[in-house]
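Secondary and tertiary structure notes
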Amino acid sequence: MNDTLAGWLQITVLIAALALTYRPLGDYMARILTATRHLAVEKGLYRLGGVDAEADQQWGAYLRSVLAFSAVSVLFLYGFQRLQNHLLLSLGFAPVKPDQAFNTAASFVTNTNWQSYSGEVTMGHLVQMAGLAVQNFVSAAVGIAVVAALIRGFTRRRTDRVGNFWVDLTRIVVRLLVPMAFVFAIVLVAMGAVQNFHGIHEIGTLVGDKQSLTGGPVASQEAIKELGTNGGGFYNANAAHPFENPNGISNILEIYLLLVISFSLPRTFGKMVGDHRQGYAILAVMGLIWAASVALITVNELHSVSSTAGHSAGGMLEGKEQRFGIWASALFAASTTLTSTGAVNSFHDSFSPGGGGMTIFNMMLGEIAPGGTGSGLYGILILAVIAVFVAGLMVGRTPEYLGKKLGAREMKFASLYILATPAIVLIGTGAAMSLKGERAAMLNSGPHGFSEVLYAFTSAANNNGSAFAGIGVNTHWYNTALGLAMLFGRFLPMIFVLALAGSLARQQPVPVTAGTLPTHRPQFVGLLTGVIVIVVGLTYFPALALGPLAEGLH
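Residues numbered from 1 in each chain as written. Predicted model: local features only at pLDDT ≥ 70, side-chain atom pairs only at ≥ 80, totals over all residues. Heavy atoms only, no water.

By the naming in an unreviewed UniProt entry, the protein chain goes by Potassium-transporting ATPase potassium-binding subunit and is assigned to Actinacidiphila bryophytorum. Quoted verbatim from the Subcellular location (unreviewed entry) field of the UniProt record, the comment on the protein chain reads "Cell membrane". Turning to the protein chain, the UniProt annotation filed under Function (unreviewed entry) states: "Part of the high-affinity ATP-driven potassium transport (or Kdp) system, which catalyzes the hydrolysis of ATP coupled with the electrogenic transport of potassium into the cytoplasm. This subunit binds the extracellular potassium ions and delivers the ions to the membrane domain of KdpB through an intramembrane tunnel." (UniProt positions renumbered as here; feature names shortened; annotations may be inferred.)

As structure tokens, then:
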């Protein structure tokens, strides 16, 4: 089978699997978020935490719960790393340095999973399992909980209540993430992924040298890292490592896992608002952007003219696993940067200027196609609010979305959401480029070096976590700056989302009239797609022009 046919077959199988999952998984998540009964294990957890499961929260209380839970999680994970040498299964590793421990704690709690360390020589098994992997579950659940609160803002009327964070968090973990991760961890073990408690083993190579290999609970962490769009690898090579991603079939499975929840959430949205057409419209926008990204990255990597060697070899093969090839590497790269996953099976720093530039652009879109677990859907719903507002301006009518008027208060929250992440990215990149010591961390000069810095802050602020490589970020400055970018990039948008949810929930729905903009038709899909691309283009074009565009033209 030639590479082209194999590539098309992989894409077809992936789309078919996602299509088959969309309805049952989306409906199941809607039932989780709207159920009135609690499981026995959930009741036990509520009693343990002193939670009144029947009490709804105002948006402010919901937000404080999110922030308090996340703050405690950061402190716990920071302490866990600093005390690693006193813990079981530490493998003899030293405590993680303070700045790196802060960066890692911020990274995993914010669902970013940016890693300025090599996991197999830095983190012991207990920290990997009870620290990092636990955050892979709960950080993903926090994102879904926040979008659930926003959806309730659209569906509820004349109330100041948007749900109970502790109930949402518990149900998502217990009923959704744990069962799915358990099943797919077993599947990955069956495919050849490692799952043990081995330490470091020294083995002889074919040429007579020695090589150290680290075992560990890899498959269990691999399943939830993809399923929860986390992305942090047990090994430094991430999903390019055969212990994490053994073969081509496991590669497709992992791409499926990192897309499946986010692509199914529009069905959950349609179910909860009582109009599946709304979910299909959002899904169509996500699908169009994802398909365009896969196509552009694949074409750039197959037919790059910026590299004579790459062009002669029939594609850009540097930095790619030969067992996956260009098609599977491009498919993984597009999917991981359009979600907040950040896992990699190839190294984006070696991509062509067009392919590497697209990975940056994907993250700059705001991780909305389909985005992270929960965060992708609430991001695209905010952009839908912006699109409805733009349409209202064109016809001189007060905009409405799902029966709720979008007045000055609602548009302020939506505008602040749109401005928050780009400000973090551009300020952080500008600060790094203005400091001589931080510029020295770039291993490449010129536009490519700038792209490395831009990628780092884009990845951190958008909670993606992948790296362009080619830049030394394990310094006090970068660990601190990127850690702060991750925290602000995660929680500032959440503040505006929950504030918008509270504002919408207080309203009385307005009836649909002849002048109401239909938000389920192809015209709105086109409008929303255009707004997304234009907003990103106007915001980031100057930075992209200095980086990947300049490199491509050069």
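Let us look at the overall build of the protein chain. Secondary structure summary: the protein chain contains 20 helices and six strands in total. Dimensions of the protein chain, computed from C-alpha atoms along their principal axes, come out at roughly 75 × 55 × 50 Å. Split into buried and exposed, the 554 residues of the protein chain put 59% on the buried side. Relative to all contacts within the protein chain whose residues are 6 or more apart in sequence, the contacts with residues 24 or more apart total 78%. Summing over all exposed atoms, the protein chain offers an accessible surface of approximately 21200 Å²; the carbon and sulfur share of this is 66%. Mean positive and mean negative side-chain charge positions of the protein chain (32 and 27 charges, respectively) differ by 15 Å. (Helix = DSSP H or I, 4+ residues; strand = E, 2+ residues; numbered from the N terminus. Buried < 20%, exposed > 50% of the residue type's maximum accessible area, 1.4 Å probe, protein only. Contact = heavy atoms within 4.5 Å. Areas by Shrake-Rupley, 256 points an atom, 1.4 Å probe, with all protein chains shown as cover. Lys, Arg positive; Asp, Glu negative; His and termini not counted. Charge placed at Lys NZ, Arg CZ, Asp CG, Glu CD.)

On inspection of all chains with the given rule, the structure shows eleven salt bridges. Between Arg277 and Asp275 there is a salt bridge; the shortest N-O distance is 3.0 Å. On the basis of relative accessibility, which here comes to 46%, the residue Arg277 falls in the partly exposed class. What makes Asp275 buried here is its relative accessible area of 18%. In this structure, Glu400 and Lys405 form a salt bridge, with 3.5 Å as the shortest nitrogen-oxygen distance. Of the residues examined, Glu400 reaches a relative accessible area of 9% and is grouped as buried. With relative accessibility at 34%, the residue Lys405 sits in the partly exposed group. Each of Glu222, Lys225 and Glu244 takes part in one network of salt bridges that share partners. (Salt bridge = Lys/Arg side-chain N within 4 Å of Asp/Glu carboxyl O.)

So, on to the environment of Leu317. Of note, Leu317 is situated in the loop between helix H11 (308–312) and helix H12 (325–338). Separated by 35 residues in the primary sequence, Leu317 and Ser352 have C-alpha atoms spaced 10.0 Å apart. Leaving out residues up to four positions away in the same chain, Leu317 has contacts with Gln322 and Ile326.

To continue, consider a nonpolar patch on the surface. Side chains of Met1, Leu5, Leu9 and Val13 sit close together on the surface and give an oily, nonpolar patch of about 420 Å² of accessible area. By secondary structure assignment, the location of Val13 is in helix H1 (residues 3–34). (Patch = residues over 30% accessible without salt bridge, like charges linked within 9 Å, V, L, I, M, F, W, Y side chains within 5 Å.)

Taken N-terminus to C-terminus, the directions of H1 and helix H10 (residues 276–302) make an angle of 155°; their axes are 13 Å apart at the nearest point. Between H1 and H10, the angle is such that the two are roughly antiparallel. The element H1 and its partner H10 pack so that their crossing is right-handed. For the pair H1 and H10, the contacting residues are Ile11, Leu14, Ile15, Tyr22 and Asp27 in the first and His276, Gly279, Tyr280, Leu283, Trp290 and Val294 in the second. When the residues that make up the contact of H1 with H10 are grouped by side-chain class, the tally is eight nonpolar, two polar and one charged. (Axes fitted to C-alpha atoms, helices over the stretch in contact; angles between N-to-C directions. Parallel < 35°, antiparallel > 145°, perpendicular 65-115°, else oblique. Left-handed = near helix turned anticlockwise from the far one by under 90°. Nonpolar A, V, L, I, M, F, W, Y, C, P; charged D, E, K, R; others polar.)

We now examine helix H8 (residues 218–227). Taken across its ten residues, H8 has nine buried, putting it largely inside the fold. Of the positions making up H8, those classed as buried are Val218, Ala219, Gln221, Glu222, Ala223, Ile224, Lys225, Glu226 and Leu227. Residues of H8 that are buried sit in contact with helix H6 (125–155), helix H7 (165–191), helix H9 (248–273) and H12. Just beyond H8, the residue with positive phi is Thr229, at close to 50°.

Residues in a regular strand point their side chains to alternate faces of the sheet. As paired strands, strand E3 (residues 200–204) and strand E4 (residues 210–214) are joined by five bridges and run antiparallel to one another. Bridge assignment links Ile203 to a residue of E4, and that residue is Gln211. Connecting E3 to the next strand, E4, in antiparallel fashion are five residues, including Gly208 with a positive phi near 90°. (Pairing = 2+ DSSP bridges.)

Looking at soluble globular proteins, one finds that nonpolar side chains tend to be buried together. Ranked by internal contacts, the top residues of the largest apolar core, which has 158 residues, are Leu176, Ile261, Leu377, Tyr401 and Leu528. Sequence-distant contacts of Leu528, defined by excluding residues within four places in its chain, comprise Ile282, Val285, Ile380, Leu383, Ala384 and Ala387. (Core = buried A, V, L, I, M, F, W, Y, C linked by side-chain atoms within 4.5 Å.)

What follows is about the packing of helix H3 (residues 59–82) against H6. In contact at an axis separation of 11 Å, H3 and H6 are set at 170° when each is read in the N-to-C sense. The angle between the axes of H3 and H6 places the two elements in the roughly antiparallel class. Two secondary-structure elements touch here, H3 through Tyr62, Val66, Phe69, Ser73, Phe76, Leu77, Phe80 and Gln81 and H6 through Leu126, Val127, Ala130, Gly131, Leu132, Gln135, Val138, Val142, Ala145, Val146, Ala149 and Arg152. Of the residues contributing to the contact of H3 with H6, the split by class is 15 nonpolar, four polar and one charged.

Attention now goes to the side chain of Thr516. Turning to its location among the elements, Thr516 is positioned in the loop between helix H18 (476–505) and helix H19 (522–546). Residue classification places Thr516 among the buried residues on the basis of a relative accessible area of 17%. Polar side-chain contacts of Thr516 include one of 3.0 Å to the backbone nitrogen of Thr513. The residues contacting Thr516, other than those within four sequence positions of it, are Arg397, Glu400 and Pro511. (Polar contact = N/O pair within 3.5 Å; in protein donor to acceptor, adjacent residues only side chain to side chain.)

On to unusual backbone geometry. Cis geometry is found at the peptide bond from Ala369 to Pro370, where omega equals 5°. Looking at the element boundaries, Pro370 is found in the loop between helix H13 (353–364) and helix H14 (375–395). One non-glycine residue with positive phi stands out, namely Asn111, at about 70°. Here Asn111 is to be found in the loop between helix H4 (98–109) and helix H5 (119–122). Accessibility expressed as a relative area gives 2% for Asn111, which makes it buried.

Bringing empty space enclosed by the protein into the picture now. Overall, the coordinates contain three cavities of 30 Å³ or more when judged by the stated rule. In terms of lining, the largest cavity is formed by 24 residues, of which the most central are Leu365, Gly366, Tyr417, Thr421 and Asn462. Mapped by element, the contributors of at least two residues to the lining of the largest cavity are H14, helix H15 (408–434), H18 and H19. Ranked by the residues each element gives to the lining of the largest cavity, the list is headed by H19, at five residues. Split by residue class, the lining of the largest cavity holds 14 nonpolar, eight polar and two charged. Of the voids in this model, the second largest cavity is the one considered here, and its volume is about 40 Å³. (1 Å grid on protein atoms, 1.4 Å probe; cavity = no way out; pocket = protein on both sides within 12 Å on 5 of 7 lines; lining within 4 Å. Points joined across faces, edges and corners; volume = space filled by probe spheres on them.)

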